[in-house]
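A look at the structure
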Amino acid sequence: MTLSAKINLTRESASAKFHLELDLNIPSDGITALFGSSGSGKTSLLRCIAGLEEKAIASIRFKNDLWQNHDYFLPTHKRRIGFVFQRQNLFPHLSSRENIEFAEKRVNSSLDNLNVDSVIDNLEIEHLLNKYPAQMSGGEQQLVALARTLKSNPALLLMDEPLSSLDDPRKNRLLEIIKDLNKKHGLPILYVTHSVDEVLKIADHLLVIEDGKLSINKPLMEAFDDETINHQVWPHIGAVIEARLTSQTTEYGMHKLEFQGGNLWIPDSNKRIGFKTRLVILARDISIALSNHTDTSILNRVQAVITKIQEDTNPAFLQIHSKAGPNNFRALVTKKSFNTLELETGKSIWLQIKSVAIST
């Protein structure tokens, strides 16, 4: 089941002309990150899918439903789309409760895409329901805006840089909520962002748009393993790993995550045994040894085999590509260290990674 769209849209102003021309098919059962620079066409694509661009020449189908083609147009309010913007767009004269209840007018009780009330309970906004927008922080307003959108019981959620104005703690909280909406409740999400970190944390699929053209359309992990894309989209990332929490040690406040090819110890984040997560490691935080040293403070040592050696943009460094199980790693080392260790393709090495350097 997919979301398919063929779109041609031209906008002209006194100072510039913008043209969006896309032909794409993406999964409709996960989180698809739409990534690109400002002005590349990300928001325009969302607006076309939502039916908000009257000048667009488009053919759009979601799963088995035709939304638009050359002689048919399904109005926006009938497409069962939820749209969450960067700005919360709450009604300032209504309380949070009243803002959320406003969306109930669009709900068709015969449609049961997700248990809306239980999802809203998970947002933990009970204490905000009697507050007005001016009495809440940006993060709190965004939670209420998300609850209002979910109250309309959408079949597809469009999110346009919803976290760009939030601080890191609130951003991480909302990222967890967004992942749960998809994983636990089956709500497909198309998520626009310019943040590589957000892409790597939540996306299952990656779309990249450049100057109104589609340049990348791949599953995220497949895209990460593509060296051309890797250099283009996230040149500083050393590894992206799917892992599962297998044990904890309360004495040291750590837990162990296992993945195909090894395991990693990271600070305890109050997750339960069996919890699955995606780990992101920077290339600069991976060092290389020729043996499994135990006389070191670095807990994480992963055995790997060098697959490729590549020049870095900094002439003092080299990028050492290696593989542990099915997982690809990229370490940034000096040319001096490279020569001292006599590194070469096919050589067995140990990757050393500090626990404090791993983000989930």
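Residues numbered from 1 in each chain as written. Predicted model: local features only at pLDDT ≥ 70, side-chain atom pairs only at ≥ 80, totals over all residues. Heavy atoms only, no water.

Considering unusual backbone geometry
- In this model, Glu161 sits at a positive phi of 45 degrees, which is unusual for a non-glycine residue.
- With respect to the helices and strands, the residue Glu161 is situated in the loop between strand 8 (156–160) and helix 5 (168–183).
- Of the residues examined, Glu161 reaches a relative accessible area of 15% and is grouped as buried.
- The backbone of Asp211 sits at a positive phi, close to 50 degrees, despite the residue not being glycine.
- Tracing the chain through its elements places Asp211 in the loop between strand 10 (205–210) and strand 11 (213–219). (Helix = DSSP H or I, 4+ residues; strand = E, 2+ residues; numbered from the N terminus. Buried < 20%, exposed > 50% of the residue type's maximum accessible area, 1.4 Å probe, protein only.)

Thoughts on the sheet that holds strand 14 (residues 262–267)
- Taken in spatial order, the 4 strands of this open sheet run 14-13-12-15, and their pairing is antiparallel. The sheet is open, and its two edges are formed by strand 14 and strand 15 (276–282), each paired on a single side. Strand-to-strand twist of the sheet, defined as the mean angle between neighbouring strand axes without regard to direction, takes the value 45 degrees.
- By the bridge criterion, 7 bridges tie strand 12 (residues 237–249) to strand 15 in an arrangement that is antiparallel. The residue of strand 15 that forms the bridge with Ala239 is Ile281. (Pairing = 2+ DSSP bridges. Axes fitted to C-alpha atoms, helices over the stretch in contact; angles between N-to-C directions.)

Some points on the packing of aromatic side chains
- All chains considered together, the criterion is met by 4 aromatic pairs.
- Ring geometry for Phe91 against Phe102: centres 4.9 Å apart, planes inclined by 65 degrees, an arrangement best described as edge-to-face. Of this pair, Phe91 sits in the loop between strand 7 (81–84) and helix 2 (96–102) while Phe102 sits in helix 2, and the two are 11 residues apart along the sequence.
- Phe91 sits in the partly exposed class, given a relative accessible area of 29%.
- Phe102 gets classed as partly exposed once you look at its relative accessible area, which sits at 38%.
- Between Phe259 and Phe329, the ring centres sit 6.4 Å apart and the planes meet at 50 degrees, which makes this aromatic pair tilted. You can see Phe259 sitting in strand 13 (residues 254–259) and its partner Phe329 sitting in strand 19 (residues 327–334), a full 70 residues away along the chain.
- Overall, the relative accessible area of 8% leaves Phe259 in the buried class.
- With relative accessibility at 3%, the residue Phe329 sits in the buried group.
- The aromatic ring of Phe73 is capped on one face by Arg79, whose charged end is 4.9 Å from the ring centroid. (Phe/Tyr/Trp six-rings, centres within 6.5 Å; stacked < 30°, edge-to-face > 60°. Lys NZ or Arg CZ within 6 Å of the ring centre and 35° of its normal.)

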